[in-house]
Amino acid sequence: MNTVSCPECAAEITLEANAEVGEIIVCPDCGVDLEVISLNPAEVDLAPMEQEDWGE
Amino acid sequence: MMTQQIIVVKLGGTEGVDFSAICQDAAELLKSGQRLVFVHGGSAEANALGEALGTPPKFITSPSGYTSRYTDRKTLEVFLMAVNGKVNSLLTEQLHGLGINAFGLSGMDGKLMVATRKDAIQSVENGKRKMIRDDYTGKIETVNSELLLALLNMGFLPVIAPVAVSQNGEALNVDADRAAAMVAAALKAETLLLLTAVPGLMEKFPDESTLIRQIPQSKLVSALEMAQGRMKKKVLGAEEALQGGVGRVIIADGRVEKPISNAMSGNGTIIQ
């Protein structure tokens, strides 16, 4: 099962079947941005909060 | 420090901007004692070289609406070849042909521009937000103004390619408009002139009759919301330049005769 625990609020989140590494999802409970780090096993981490989210 | 009369001119890299007219205009201005610094782009050349080498450009859009060139290591090398290699050299050659002692350099030389690498940017693809961690682009933190002033005092026209060096010594692609803004701020330039292939910022792009002639610094936030695509970074650069102590910023047409003089006489979008 692609189920992960939110590192911020510990909510249980099931990743979509088409989830990809590097994708950013939003925790449905606390709203924090999470980066999918791996799929097998499923793992997420807090996404970096950059002041500028774009490249140059 | 004698810095009042410096004009920093950014020559847009998109097709249509007349480098030859800008260089001829610069030659006359330099003769009359005007001090100039050039910063150039090179997006069209980088795109063309990338296509020829089998690494076509890829542009990404961030969730906040900014578009940028996806610059992985291979793209960075193409970017360096096109912008630092070709555009900078040929512009310097053209200036020498007019009797101007141009000094071509990139922001890496002598740590002219030191930037923080953006090692975690985001793109939106097919409705999904994705993290990109192999991008070699950066936000300029410092400009070595002593180096530029030394070159100016020696009578050179500095011609700067939009490449910076990171704190870890990596070459980085930087936005040429923002680079010009940082250079202008470091020199406390009188004017930052952003020459591009349109007459300035338009209220309803691409309708040139909706050109905005004046923007007070206090209205830049709404101008930033209105600006589309590449113009967004010009407005952002204008804001950074003014905050850094530049007298005024003019976004003006680089396709006309005497583009620098034309803009300095009040044509374009004047932001101050």
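Look a little higher up for the structure.
Residues numbered from 1 in each chain as written. Chains lettered and ligands numbered in written order. Predicted model: local features only at pLDDT ≥ 70, side-chain atom pairs only at ≥ 80, totals over all residues. Heavy atoms only, no water.

Visitor: So what's going on with unusual backbone geometry? Which residues, and what values?
Guide: Of note, the bond from Asn40 of chain A into Pro41 of chain A is cis; its omega dihedral lies within 30 degrees of zero at 5°. Structurally, Pro41 of chain A can be placed in the loop between β4 (33-39) and β5 (42-46). Cis geometry is found at the peptide bond from Phe205 of chain B to Pro206 of chain B, where omega equals 5°. Mapping Pro206 of chain B onto the fold places it in the loop between β13 (191-196) and β14 (214-215). Non-glycine residue Lys111 of chain B carries a positive phi angle of around 50°. In this model, Lys258 of chain B sits at a positive phi of 45°, which is unusual for a non-glycine residue. Considering the arrangement of structural elements, one finds Lys258 of chain B in the loop between β15 (248-253) and α8 (259-264). (Helix = DSSP H or I, 4+ residues; strand = E, 2+ residues; numbered from the N terminus.)

Visitor: Residues and numbers for helix α4 (residues 145-153) of chain B, please.
Guide: All names here are of chain B. Within the sequence span of α4, burial applies to Ser145, Leu148, Leu149, Leu151 and Leu152. Projected down its long axis, α4 shows its buried positions confined to an angular sector of 160°, all on one face. α4 presents Glu146 and Asn153 as exposed residues on the side facing more than 90 degrees away from its buried surface. Buried positions along α4 lie against β1 (6-11), β2 (35-40), β5 (102-106), β9 (138-143), β10 (157-161) and α5 (176-186). Phi turns positive one or two residues past the end of α4, at Gly155, with a value near 90°. (Buried < 20%, exposed > 50% of the residue type's maximum accessible area, 1.4 Å probe, protein only. Arc of directions from axis to C-beta. Contact = heavy atoms within 4.5 Å.)

Visitor: Would you mind going over the packing of aromatic side chains in detail, with residue names and values included?
Guide: Going through the model one piece at a time under the given rule, you end up with 2 aromatic pairs over all chains. For the ring pair Trp54 of chain A and Tyr66 of chain B, a centre distance of 3.8 Å and an interplane angle of 20° mean the geometry is stacked. Of the two residues, Trp54 of chain A sits in the segment after β5 while Tyr66 of chain B sits in the loop between β3 (59-61) and β4 (67-69), which places them in two different chains. You'll find Trp54 of chain A and Tyr66 of chain B in the same group, each marked buried. Consider the rings of Phe103 of chain B and Phe156 of chain B, whose centres lie 5.2 Å apart with planes at 70°: the pair is edge-to-face. (Phe/Tyr/Trp six-rings, centres within 6.5 Å; stacked < 30°, edge-to-face > 60°.)

Visitor: Hey, could you go over the sheet that holds strand β12 (residues 171-173) of chain B for me, with residue numbers and the actual values?
Guide: All names here are of chain B. In spatial order, the strands read β9-β6-β11-β12; together these 4 strands make up an open sheet with mixed pairing. Each edge of the open sheet is held by one strand with a lone partner, namely β9 and β12. Recorded for the sheet is a direction-independent mean angle of 50° between the axes of neighbouring strands. Alignment of strand β6 (residues 113-117) against β9, held across 5 bridges, turns out to be antiparallel. Residue pairing across strands places Val114 opposite Thr142, the latter belonging to β9. Each of β11 (163-166) and β12 touches helix α3 (residues 73-97); the most contacted strand, β12, lies at about 80° to it. Its contacts with the sheet put α5 on β6 and β9, and the angle it makes with β9 is roughly 15°. (Pairing = 2+ DSSP bridges. Axes fitted to C-alpha atoms, helices over the stretch in contact; angles between N-to-C directions.)

Visitor: Hey, could you go over the interface of chain A and chain B for me, with residue numbers and the actual values?
Guide: Opposite the 17 residues of chain A that make contact, chain B presents 25 residues. For the chain A and chain B pair, buried surface summed over both sides reaches about 1,800 Å², with 46% attributable to carbon and sulfur atoms. The largest share of the area that chain A buries against chain B comes from Asp53, Trp54 and Glu56 of chain A, three residues that together contribute 43% of it. Note that Arg178 of chain B is salt-bridged to Glu56 of chain A, the shortest N-O span being 2.7 Å. Applying the counting rule to chain A against chain B returns 19 residue pairs in polar contact (both at pLDDT 80 or more). (Buried area = accessible area lost by both parts, 1.4 Å probe. Salt bridge = Lys/Arg side-chain N within 4 Å of Asp/Glu carboxyl O. Polar contact = N/O pair within 3.5 Å; in protein donor to acceptor, adjacent residues only side chain to side chain.)

Visitor: So what about the sheet that holds strand β16 (residues 269-271) of chain B? Which residues, and what values?
Guide: Residue and element names in this part refer to chain B. Read across the open sheet, the 8 strands follow the order β5-β10-β2-β1-β13-β15-β16-β14; overall the sheet is mixed. Edge positions in the sheet fall to β5 and β14, since each has one partner strand and no second. Note that β15 and β16 share 3 bridges and pair antiparallel. For Ile251, the partnering residue across the bridge sits in β16 and is Thr269. On the sheet, helix α1 (residues 19-31) packs against β1, β2, β10 and β13 and is oriented at approximately 160° with respect to β2.

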